[in-house]
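Here is how the chains run, residue by residue.
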Amino acid sequence: MKLLRWFWLAATLAVLANGFRVALFVVPADADQGELSRILYYHVPSWAGMAIFFALNLGGSILYLAMRHRNQALALKADAVALASAEMGVVYCTIGLTTGSIWGRAAWGIWWTWDARLTSTLILWLIYIAYLLLRRFAEGPQMRTLSAVMAIFGYLDVPLVYMSTRWWRTQHPAPVFAGGPNSGLDPSMYPAVWWNLAGWLMWGVFVFSLRYASVYREQQAAERDALRILAEPAPAPPLDPSHGQLA
Amino acid sequence: MQVAENAMFHRHLVAAYIVTWALQLGYLTYVLIRRRSAGKSIDR
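Residues numbered from 1 in each chain as written. Chains lettered and ligands numbered in written order. Predicted model: local features only at pLDDT ≥ 70, side-chain atom pairs only at ≥ 80, totals over all residues.

Peer 1: Can you tell me about the overall build of chain B, naming the residues and giving the values?
Peer 2: Within chain B, the regular secondary structure consists of two helices and zero strands. Within chain B, the fraction of its 44 residues that count as buried is 20%. (Helix = DSSP H or I, 4+ residues; strand = E, 2+ residues; numbered from the N terminus. Buried ≥ 20, exposed ≤ 12 C-beta atoms within 10 Å, placed from the backbone.)

Peer 1: Give a description of helix α1 (residues 2-26) of chain A that names residues and reports values.
Peer 2: The terminal C-alpha atoms of α1(A) lie 35 Å apart, and with 25 residues this matches the ideal 36 Å at 1.5 Å per residue to within 8%. Listed as buried for α1(A) are A:T12, A:V15, A:L16, A:G19, A:A23 and A:L24. (Expected span 1.5 Å × (residues − 1).)

Peer 1: Talk me through the interface of chain B and chain A; I want residue IDs and the actual numbers.
Peer 2: Listed as interface residues are 24 residues of chain B and, on the opposing side, 27 residues of chain A. Looking at the side of chain B that touches chain A, the elements with two or more residues in it are α1 (2-8) and α2 (11-37) of chain B. Looking at the side of chain B that touches chain A residue by residue, the class counts come to 14 nonpolar, five polar and five charged. (Contact = placed C-beta atoms within 7 Å. Nonpolar A, V, L, I, M, F, W, Y, C, P; charged D, E, K, R; others polar.)

Peer 1: Requested: an account of the nonpolar core, with residues and values cited.
Peer 2: With 55 residues, the main nonpolar core has A:A82 and A:A84 as its most contacted residues. Taken together, the elements giving at least two residues each to this core come down to α1, α2 (40-67), α3 (72-108), α4 (116-137), α5 (142-155) and α7 (190-231) of chain A together with α2 of chain B. Looking at this core, the element that brings in the most residues is α3(A), giving 18 residues. Not counting chain neighbours up to four residues away, the residues in contact with A:A82 comprise A:N57, A:G60, A:S61, A:Y64, A:A148 and A:A151. (Core = buried A, V, L, I, M, F, W, Y, C linked by C-beta atoms within 7 Å.)

Peer 1: Any chance you could break down helix α6 (residues 157-167) of chain A for me, citing the residues and the numbers?
Peer 2: Side chains of residues three or four places apart in an α-helix project in the same direction, reflecting 3.6 residues per turn. Residue and element names in this part refer to chain A. For α6, the complete set of buried residues consists of V161, S164 and T165. Angularly, the buried residues of α6 cover 75 degrees about the axis, an arc narrow enough to put them on a single face. Those residues of α6 that are exposed and angled more than 90 degrees off the buried face are P159 and W167. On its buried face, α6 sits against α4. (Arc of directions from axis to C-beta.)

Peer 1: Hey, could you go over the confidence of the model for chain A for me, with residue numbers and the actual values?
Peer 2: Summing up the model confidence of chain A, the mean pLDDT is 88 and the portion of residues at 70 or higher is 92%. The secondary-structure element of chain A with the lowest mean pLDDT is strand β2 (residues 245-246) of chain A, recorded at 54, while α2(A) shows the highest, at 95. (pLDDT = per-residue confidence, 0-100.)

Peer 1: Talk me through the confidence of the model for chain B; I want residue IDs and the actual numbers.
Peer 2: Mean pLDDT for chain B: 80, with 66% of residues reaching 70 or above. For this predicted complex, the interface confidence score (ipTM) comes to 0.86, while the overall pTM stands at 0.86.

Peer 1: Any details on the environment of A:C93? Residues and values, ideally.
Peer 2: Residue and element names in this part refer to chain A. With respect to the helices, strands and loops of the structure, C93 is situated in helix α3. The exposure class of C93 is buried, given the 24 C-beta atoms found within 10 Å. With 30 residues separating them in the primary sequence, C93 and L63 have C-alpha atoms 24 Å apart. When sequence neighbours within four positions are dropped, the list of residues in contact with C93 reads M50, L124, W125 and Y128.

Peer 1: I'd love a proper account of the packing of α3(A) against α4(A), names of residues and values included.
Peer 2: All names here are of chain A. For the pair α3 and α4, the least separation of the axes is 10 Å and the interaxial angle reads 145 degrees. Note that α3 runs across α4; the crossing there is left-handed. Between α3 and α4, the residues in contact are L83, A86, E87, G89, V90, C93, T94 and L97 and T121, L122, L124, W125, Y128, I129, Y131, L132 and R135, respectively. Taken together, the residues of the contact of α3 with α4 break down into twelve nonpolar, three polar and two charged. (Axes fitted to C-alpha atoms, helices over the stretch in contact; angles between N-to-C directions. Left-handed = near helix turned anticlockwise from the far one by under 90°.)

Given below as C-alpha cells:
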C-alpha cells in the first residue's frame, strides 16, 4: 500500500507536469481569447473532479443509510467515503468558482454575475459547506444519518448546474463539451484538456485516499471509546448517612 | 517560444494556475495534519 501510494503520487506529478507543459507551451492559443483561454485547462478538470467526488459522496451516503442497521462496519466505511469525497468535491468546486471568476474578470470585465450557471454553482458550494459544517459541529448518533440525507438532497443541485447553460440564457458560455452542433474545442487543444483532466483526477484520488484512511481511523477510535465507556461499571450511588440506606 | 512567453506573463492565467495549486496543496496540508494527529504519517 505504501509503495503503491508513492508510485501513484509520482505518476500523478509526472502527468500534471506534462499537462502544465502541454497547456502552456504546446497547444495553440484560442483565436478569440488568446492566452487567456489556457485557464480552461485548469478550469474544466476542477468541474470534472467536483462532479465525480460529489457523486461519490452521494453513493457513500446512500450506502450508509442502507447499511447502518445491517452492517455497521460497511456503513462506517461508506460514511468515511462520503465525508472525504465531500471535502474533495468542495476543494474542486472552490477552484472552479475562483478560476472562473478570474477568467470572467479578464473576458467579461466582471468578477461575478448572477446568471443561472454561476448562481446554481454557488448554491451547490454553499450546500456542501453546510454539509461539512453539520458534520463538524453536530454531535450524537443521528449526525451521520442527517448528513447522509442532506447529501442526497444536496446532490439534486448537480444536474441543475450541469443543465443550466442549456435551459437558460446565461452569461456563461454554452456547453463546450457535448453541447451539440457548433460546440467543442479545436482538436489541437484536446491534448492539454486530457493531460490536465487525468492529472487532476489522479491528484484527487491520491488526496482522497489519504483522507478516507484518516477519517475511517478516527471513526474506529471514536467507536472504541464509546464501547469502552459503555463497558465501564457504573459508579456506586452515594449512601444516605441518616438512614444508612442507599439514597 | 513566443506562445510560451505570452502565456507565462498573462497575469489572469498565472493567477488562476496559482490559485488552483494553492488550494490543492492547502487541502493536502490539512489532510496530512489530520492524518498525523490520528497517529499516521504519509507512509502508512
